[in-house]
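Each chain, written out:
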Amino acid sequence: MKHAPIALPDPATARIERLERQLVRERKARLAAEVIAEDGLRALYESKRYLALLQRITERANKADTLVEALSFTLGEICAELGWDFGNAYLVRSMQEAVPCNCWHVANPEHLMPFVEASRELSFARGVGLPGRVLAEPRPWWIEDVRTDTNFQRHDVAIDCRVVAGCAFPVMAGSEVVAIYEFFSRKGIEAEPAVVETIAQIGIQLGRVAEREQAREALMRDALHDPLTTLPNRVLLHERASSAFSRLPRNAKGLAVLVIDLDGFKAVNDKLGHHAGDCLLVATAARLRDAIDECVGGESVVRGPTETPAGTRNGIARPQATLARTGGDEFVVLMENLRDDRLPQTVAAQLHAELDLPFSVGRDEVTIGASIGIAHSNPHYRDYDEVQRDADLAMYQAKASGRGKTVTFNHALGTAVRMRMALERDLREAIRDNQFVLHYQAIIDLASGGIEGFEALVRWNHPWRGLVPPGDFIPTAEATGLIMFIGDWVLREACRAIARLHAQLGGTRQDNSGRLDNRGTPGADLPFVAVNIAPQQFLLPDFVPYLRGVIMETGVPPSCLKLEVTEGVAVLDAERTRRVLENCREIGIRVGLDDFGTGYSSLSYLHSLPFDSIKIDRAFVAALDKPKSRKIVRTILDLAGNLDLTVVAEGIETADQQAALTAMGCGMGQGFLLSVPLIEAEAFDLVHASGPVTTDRPPSS
Ligand code: C2E
Ligand code: MG
Ligand code: MG
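Residues numbered from 1 in each chain as written. Chains lettered and ligands numbered in written order. Predicted model: local features only at pLDDT ≥ 70, side-chain atom pairs only at ≥ 80, totals over all residues. Heavy atoms only, no water.

Draft legend 1. Just the coordination of the magnesium ion (ligand 3), in detail. Coordination of the magnesium ion (ligand 3) by the protein comes from D594 (OD), D595 (OD), E650 (OE) and E650 (OE), over a distance range of 2.0 to 2.5 Å. Between consecutive donor residues of the magnesium ion (ligand 3), the sequence gaps follow D-D-x54-E. Assessed through its relative accessible area of 25%, D595 is described here as partly exposed. (Donors = N, O, S within 2.8 Å, 3.2 Å for Na, K, Ca; no water. Buried < 20%, exposed > 50% of the residue type's maximum accessible area, 1.4 Å probe, protein only.)

Here it is in structure tokens:
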């Protein structure tokens, strides 16, 4: 077989071919290198872009006051830089629901608006839809095609609007999702790691804004709210009230303030401890809130510091109430947009009704009440402080009128209360500076004319008003509790004074027959001193030991101390009064019922309460010339005789009155005819002048 000869390439051709192959290889390598360089450049360029985007957003976020402000800027920046058509944000409510916050950005609105509208309106529960998935599992979520996604709530409208790609990211404050932001595009966008990483990083920056906002809100809350009840405090109330006052119409109507001061809270605090007191305050706050809600139609609000004031519906301002705790046991209700002036009264009545029901505090059941003062705005007020001041005055008046009262302020009341407050201030000074003096009015045995004892009557030696009679200050002293200090001074001073008289008389006095007293009781034949005791004093828990202390200290024989109380003690606590009367009797102190006949139920007390004597009120004595009065006095005397009670008639001004009383068998008398109240020295001179007592005193029961 013949083989064709192999044609060997000439050396030149071979070289050319080699060079060509080398050239192709080099071109390929160069192209590859170029591609690599280009990719690197692009990656570098993109990472720089993302970095710049992150930087811009971080800078703005640092300056933003609120998360929503930072979000709205962020949405715009991301859409512009990363090519999304629509960005939208949700805030997370109670960690359970993503709710739209009207924070969105549309870069390209064409054909997209129905989808935008749907996104602005829908809320998403945990796990539902794209935002719900972020809420349930906080990480970036990317949907390359929403049209094929099975958990996408806006599926239909997305198809209509030709939305394709979507993604959503969490904004975290600590470990909590506080917001979610999402983006959509009408073209496919792949989840490039660098993009995902950039948006996630932005989320971290936004989280810092949220944390800052939360910290600021907590600070505001602490500064403006009462930590115990979480109600607005005095500062927030004042802020709101002042701004409501400045918005009042020309006639200044529509605003009212209720000042609520709890009655009997201090006693609970003292008795059951501060923890119980705190629990009671929290429970009270809740009841007050319920009562207000009921009256204002569930529109009472305890608004947060950033929320807007009183709302409107259909352009008409609705009545609104803000409940605040302004002091230990003091609450204030600010009412705005009032159209019916009676609403504050209704609210007050409802508050009383709520507080009338007992509270369970631990194992105890306690009942407290409240005194409420109301003031309505009017054109004379220059600022809110003046309205609140008058509501305070009205509350002060309510408190003075007894527990559980409501008083609405008016001009006359303002004057009276201001005078009373000034009186209270002066009384405190009087107690501090010892401005009280005692006068003594003789109590005479009507048959013999001998002095049996004296009634100590307090007067206020006022620095410029002169001697002020007790009727002008005792009621205020009783209403403010100052009577405890005054009464204590009176009791001690009266005992010291009568002890001085006893010392002057040289101990036990003998009658004409030379016998010692008819009962053998030490001091039973010495003049006694009768001291008026206010109900609060008499009902003091340690009243009897206290009396014993005063007697020991002053050296007065117990039988020479007589207490005069009014029916008030029985009205307040009849059972306690009975026990105190029995204890007094055991130690030999006598107690008489003063002003007998003025209270409408006096007779009933006489049977059940062991008094030693009664004092017929001067009103009956003054009217003795009238048959009806005479009849009453006779009946009182008969009754007293049956019950073995001593009777003193007070206010004897005429000889006829004295004669009539003596004829009816009244044992003792007191009055201007017999002796006016005198200073100590003059009063006791009467005893010295009258000489020894000539008749026996009737035995005390
Ligand atoms: P009271 O206990 O009924 O005292 C009798 C009052 O009648 C005294 O008035 C006395 O001055 C007045 N009086 C005496 N005789 C006559 C008379 O013939 N005609 C008239 N029109 N009045 C006469 P006063 O001193 O102004 O005391 C008034 C009330 O003040 C007392 O009434 C008593 O309720 C209260 N009070 C006086 N001192 C004290 C006190 O130390 N403590 C307390 N809690 N109350 C006191
Ligand atoms: Mg009296
Ligand atoms: Mg009297």
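Draft legend 2. Examining the site of ligand 1 more closely. The immediate surroundings of ligand 1 are formed by 22 residues, with N532, D594, R618, E653 and F672 found nearest. Between ligand 1 and E650 there is a distance of 3.2 Å, counted from an oxygen atom to a side-chain nitrogen or oxygen. Backbone polar atom of F672 to an oxygen atom of ligand 1: 2.8 Å apart, as the coordinates give it. Protein coverage of the free-state accessible area of ligand 1, which is 780 Å², stands at 83%. When contributions to the shell around ligand 1 are tallied by element, the ones reaching two or more residues are β17 (451–462), α14 (483–505) and β21 (590–596). (Near = heavy atom within 4 Å. Polar contact = N/O pair within 3.5 Å; in protein donor to acceptor, adjacent residues only side chain to side chain. Areas by Shrake-Rupley, 256 points an atom, 1.4 Å probe, with all protein chains shown as cover. Helix = DSSP H or I, 4+ residues; strand = E, 2+ residues; numbered from the N terminus.)

Draft legend 3. Spatial organisation of the coordination of the magnesium ion (ligand 2). Coordination sphere of the magnesium ion (ligand 2), protein contribution only: E455 (OE), N532 (OD1), E564 (OE) and D594 (OD), at 2.0 to 2.2 Å. Donor residues binding the magnesium ion (ligand 2) come from one chain and are separated in sequence as E-x76-N-x31-E-x29-D. In this model, the magnesium ion (ligand 2) sits 4.0 Å from the magnesium ion (ligand 3), the two metals being bridged by D594. In this pair, N532 is assigned in strand β19 (residues 528–532) and E564 in strand β20 (residues 561–565), connecting sequence segments 32 residues apart. Overall, the relative accessible area of 30% leaves N532 in the partly exposed class.

Draft legend 4. Broad picture of the sheet that holds strand β11 (residues 330–336). Strand order across the open sheet formed by 5 strands is β10-β11-β7-β14-β15, with mixed pairing between neighbours. The open sheet has two free edges, formed respectively by β10 (320–327) and β15 (406–408), since each of these has just one partner strand. Within the sheet, the average angular offset between the axes of one strand and its neighbour, ignoring direction, is 20°. In terms of strand pairing, β10 meets β11 through 7 bridges, oriented antiparallel. (Pairing = 2+ DSSP bridges. Axes fitted to C-alpha atoms, helices over the stretch in contact; angles between N-to-C directions.)

Draft legend 5. The arrangement of the domain arrangement of the chain in detail. Segmenting the chain into domains produces domain 1 (61–223), domain 2 (234–309 + 316–409) and domain 3 (436–690). Placing the centre of domain 1 and that of domain 3 at their C-alpha centroids yields a distance of 86 Å. (Domains from an automatic or database assignment.)

Draft legend 6. The sheet that holds strand β1 (residues 86–93), seen in detail. The strand order across the open sheet formed by 6 strands is β3-β2-β1-β6-β5-β4, and the pairing between neighbours is antiparallel. Since the sheet does not close on itself, it has two edges, and those belong to β3 (124–125) and β4 (141–143), each with one partner. Pairing of β4 with strand β5 (residues 165–173), which is carried by 3 bridges, proceeds in the antiparallel orientation. Counted as the bridge partner of W141 is A168 from β5. Contacts from helix α3 (residues 113–121) reach β1, β2 (97–106) and β6 (176–185) within the one sheet, and its direction differs from that of β2 by about 145°. Seen against the sheet, helix α4 (residues 129–136) touches β1, β2, β3, β4, β5 and β6 and runs at an angle of roughly 145° to β6. (Contact = heavy atoms within 4.5 Å.)

Draft legend 7. Summary view of a positive patch on the surface. A contiguous patch of positive charge on the surface is contributed by R15, R18, R21 and R25. For R15, the position within the fold is in helix α1 (residues 11–63). (Patch = residues over 30% accessible without salt bridge, like charges linked within 9 Å, V, L, I, M, F, W, Y side chains within 5 Å. Salt bridge = Lys/Arg side-chain N within 4 Å of Asp/Glu carboxyl O. Lys, Arg positive; Asp, Glu negative; His and termini not counted. Charge placed at Lys NZ, Arg CZ, Asp CG, Glu CD.)

Draft legend 8. Local environment of the pairing of strand β14 (residues 369–376). Extensive coverage of β14 is indicated by the burial of 7 of its 8 residues. The β-α-β motif built from β14, the intervening helix α11 (residues 384–400) and the parallel element β15 has left-handed crossover chirality. (Right-handed = clockwise from strand over helix to strand, strands pointing away.)

Draft legend 9. View of α3. The complete set of buried residues in α3 reads F115, V116, A118 and S119. Summarising the axial view, the buried residues of α3 lie within an arc of 165°, below the 170-degree limit, and thus occupy one face. Residues of α3 that are buried in the fold lie against β1, β2, α5 (155–160) and β6. (Arc of directions from axis to C-beta.)

Draft legend 10. Representation of the pattern of salt bridges in the model. With the rule as written, the count across this model stands at 35 salt bridges. D261 is the partner of K399 in a salt bridge, and the nearest nitrogen-oxygen pair spans 2.7 Å. Taken as a pair, K399 in helix α11 and D261 in strand β7 (residues 256–263) lie far apart in primary sequence, 138 residues in all. With a relative accessible area of 12%, D261 lands in the buried category. Its salt-bridge partner being D263, residue K399 comes within 2.7 Å of it at the nearest N-O pair. Of the two residues, K399 is situated in helix α11 and D263 in strand β7; the sequence distance between them amounts to 136 residues. Taking the relative accessible area as the measure of exposure, K399 reaches 32% and is therefore partly exposed. Residues participating in the shared-partner salt-bridge network are R49, R56, E77 and E81.

Draft legend 11. Geometry of the pairing of β20. β20 sits mainly inside the fold: 5 of its 5 residues count as buried. The side-chain alternation of β20 yields two buried faces, one formed by L561, L563 and V565 and the other by K562 and E564. As judged from the 4 bridges shared by β19 and β20, these two strands associate in the parallel manner. The residue bridging A530 from the neighbouring strand is K562, located in β20. Handedness of the β-α-β unit built from β20, helix α17 (residues 568–587) and β21 comes out right-handed.

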